[in-house]
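# Coordinate analysis (summary)
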Amino acid sequence: MDFPILCQTCLGENPYIRMSKEKYGKECKICARPFTVFRWCPGTRMRFKKTEVCQTCSKMKNVCQTCLLDLEYGLPIQVRDTGLDIKDDVPKSDVNKEYYTQNAEREIGNSDGTRPVGLLGKAPSSSEMLLKLARTTPYYKRNRPHICSFWVKGECKRGEECPYRHEKPTDPDDPLADQNIKDRYYGINDPVADKLLKRASTMPRLDTPEDKTITTLYVGGMGDTISDAELRNHFYQFGEIRTTTIVQRQQCAFIQFATRQAAELAAEKSFNKLIINGRRLTVKWGRSQAARGKEAYQDGVSEMGTRLDPVPGLPGALPPPPALEEDAPTNYFNLDPGTSPNVMNISLPPPPGINPPPPGFGAPMFHMGSMGPPPPMGMRPPGHIHYPSQDPQRMGAHAARHGD
């Protein structure tokens with residue numbers, strides 16, 4: 001049975017699709033020969049898609065017949081050939097192209113069909129750059145309908161029944177808005193490839209921690225399908241593994257190596273390149289015990305890696321108290337620091353019947369606790385000691401005084 005060569009994204013997320021088949025319905029957009037055209041809808045609210053190139057052109061480059069992206073990495077041909085260091089000069093003239101295609105068909109017929117032919121079949125199996133840029137999950141947004149040109153002009157009257165998207169179009173000066181299928185196939189002047197190559201040159205790197213005692217790697221984004229044995233099967237090649245701890249609640253794991261050299265090699269070979277069971281995993285260095293405990297409690301995570309759920313109804317965390325000096329005195333009443341706790345030098349007028357001191361001898365000194373009751377409230381002048389409840393200017397003071 002004849003079946004098109006398609007990627008998972010172009011097929012759609014529905015495993016049950018209906019295709020229409022038209023034998024020799026159109027000519028291939030690369031070799032211009034007639035081929036069998038397949039047409040299908042990849043999902044709900046998606047546009048209909050069809051094959052654009054013949055199966056021979058698809059097998060020569062190992063690409064999807066519809067989107068012309070690499071079937072293994074999901075990347076444009078220009079990015080793949082750059083990563084594998086391939087220079088496959090396909091002829092572009094009609095006569096040379098026909099001869100080249102016939103030889104490719106003969107080579108495809110003699111092979112088992114499991115590996116690509118030509119220079120691509122002789123290329124190395126993988127590349128670090130391609131593993132970093134490879135798409136591991138389908139991108140179904142690529143199957144969305146095109147933008148409604150009538151809606152852009154304000155003339156669409158279909159409303160929600162319109163099969164096209166009612167969204168603002170992209171900037172016409174954007175290089176991604178000008179894509180050509182032949183440039184994509186031949187790997188020249190592809191704006192998507194240029195964007196990905198620039199991203200590869202600026203991708204982040206994993207810095208090695210200065211603390212030489214750290215031999216643990218953090219592996220995140222595991223999901224529920226990756227087991228301890230699968231992690232060990234990948235990391236054991238870099239050196240002896242001391243412990244493997246999986247935290248199911250956080251969907252992460254901690255791999256502790258016996259030596260620092262093995263941990264550095266595993267981090268270098270796995271950062272942005274680790275894919276297990278079709279999932280791209282995040283690889284980072286672990287933190288020291290002191291740093292992990294301090295940052296974990298600040299972020300609401302315990303030392304075991306479990307996140308602490310906030311208790312409803314409780315106030316937020318209080319700010320830390322200001323740093324107190326150990327030698328600072330506890331002066332609660334703003335008294336003079338040189339004042340004795342049992343004797344306070346307060347300049348007060350003498351009680352009735354006592355003559356004031358001569359000029360130059362200063363105010364008399366009254367010893368609190370040795371002279372009996374203090375002077376009446378009306379005789380106390382305002383000083384450093386302030387009692388808000390005895391302030392005559394406060395609200396209700398006059399009413400209380402009149403009531404007395």
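For clarity, every value in this text was computed on a predicted model and none was experimentally measured. Just so you know, the residues in each chain are numbered from 1, in the order the chain's sequence is written. At least 70 in pLDDT is required for a residue's local features to be given in this predicted model, at least 80 for side-chain atom pairs to be given and counted, and no such filter applies to totals for whole chains, interfaces and linings, which use all residues. Based on all heavy atoms of the structure, the side-chain values leave hydrogens and waters out of the count.

## A few points about the overall build of the protein chain
Strands here are runs of E lasting at least two residues and helices are runs of H or I lasting at least four, both read from the DSSP assignment and numbered beginning at the N terminus. Scanning the protein chain from N- to C-terminus turns up 13 helices and 9 strands. Exposure is judged per residue with a 1.4 Å probe applied to protein chains only, and the accessible area is read against the type maximum: over 50% gives exposed, under 20% gives buried, and values in between give partly exposed. A buried classification covers 29% of the 404 residues belonging to the protein chain. Every residue pair with non-hydrogen atoms within 4.5 Å of one another is taken to be in contact. In the protein chain, the share of contacts with a sequence separation of at least 24, taken over all contacts with a separation of at least 6, comes to 58%.

## A word on the sheet that holds strand β4 (residues 216-220)
Pairing is antiparallel across the open sheet formed by 4 strands, whose spatial order is β5-β6-β4-β9. A single partner strand is all that each edge strand has here, and the edge strands are β5 (241-247) and β9 (282-285). Sheet twist, expressed as the mean angle between neighbouring strand axes with direction ignored, is 20°. Whether two strands pair comes down to DSSP finding at least two bridges between them. Direction of pairing for β5 relative to strand β6 (residues 252-257): antiparallel, over a ladder of 6 bridges. Opposite Thr243, over in β6, you have Gln256 as the bridge partner. To get an axis, fit a line to the C-alpha atoms, keeping to the stretch in contact for a helix; angles then go from 0 to 180 degrees between the N-to-C directions. Where helix α10 (residues 228-235) meets the sheet, it contacts β4, β5 and β6, and its direction lies at approximately 140° from that of β5. Most of the contacts of helix α11 (residues 260-270) go to β9, to which it runs at about 145°, and overall it touches β4, β6 and β9.

## Focus: the side chain of Thr244
Relative to the elements of secondary structure, Thr244 occurs in strand β5. For Thr244, a relative accessible area of 17% puts it in the buried group. Looking at Thr244, its side chain comes within polar contact range of the side chain of Arg232, at 3.4 Å. Sequence-distant contacts of Thr244, that is, excluding residues within four places in its chain, are made with Asp228, Arg232, Phe254 and Ile255. Think of a polar contact as two N or O atoms within 3.5 Å of one another; within protein, one of them needs to be a possible hydrogen donor and the other a possible acceptor, and neighboring residues in sequence only count if both atoms come from side chains.

## Let's talk about unusual backbone geometry
Phi at Tyr24 takes a positive value of approximately 50°, unusual for a residue other than glycine. On the secondary structure map, Tyr24 appears in strand β1 (residues 19-27). Note on Tyr24: relative accessible area 55%, which makes it exposed. Residues other than glycine seldom take positive phi values, yet Arg45 does so here, at roughly 60°. Take Arg45: its relative accessible area is 58%, and that puts it in the exposed class.

## Topic: the pattern of salt bridges
The rule for a salt bridge is simple: a side-chain nitrogen of Lys or Arg has to be within 4 Å of a carboxyl oxygen of Asp or Glu. If you walk through the whole model with that rule in mind, you get 10 salt bridges. Across the pair Asp81 and Arg80 runs a salt bridge, and its minimum N-O distance is 3.3 Å. Accessibility classification places Asp81 together with Arg80 in one group, the buried group. A salt bridge links Arg144 to Glu167; the shortest N-O distance between them is 3.9 Å.

## Regarding the packing of helix α3 (residues 77-84) against helix α9 (residues 191-201)
Packing of α3 against α9 leaves a shortest axis separation of 8 Å and a crossing angle of 45°. With respect to α9, the element α3 is oriented oblique. Contacts from Gln78, Val79 and Thr82 of α3 reach α9 at Ala193, Asp194, Leu196 and Leu197. Looking at the contact of α3 with α9 residue by residue, the classes come out as 4 nonpolar, 2 polar and 1 charged. Oblique is the label for any angle not under 35 degrees, not over 145, and not in the 65 to 115 range, which are roughly parallel, roughly antiparallel and roughly perpendicular in turn. Amino acids outside the nonpolar list (Ala, Val, Leu, Ile, Met, Phe, Trp, Tyr, Cys, Pro) and the charged list (Asp, Glu, Lys, Arg) are all regarded as polar, and Gly is one of them.

## Re the UniProt feature "domain: C3H1-type" (unreviewed entry) in the protein chain
Taking the UniProt record as the reference, the feature "domain: C3H1-type" (unreviewed entry) is found at residues 142-169. The span residues 142-169 is 14% helical and 0% strand by assignment, and the distance between its end C-alpha atoms comes to 15 Å. UniProt positions are given in the numbering used here, feature names are shortened, and annotations may be inferred rather than shown by experiment.

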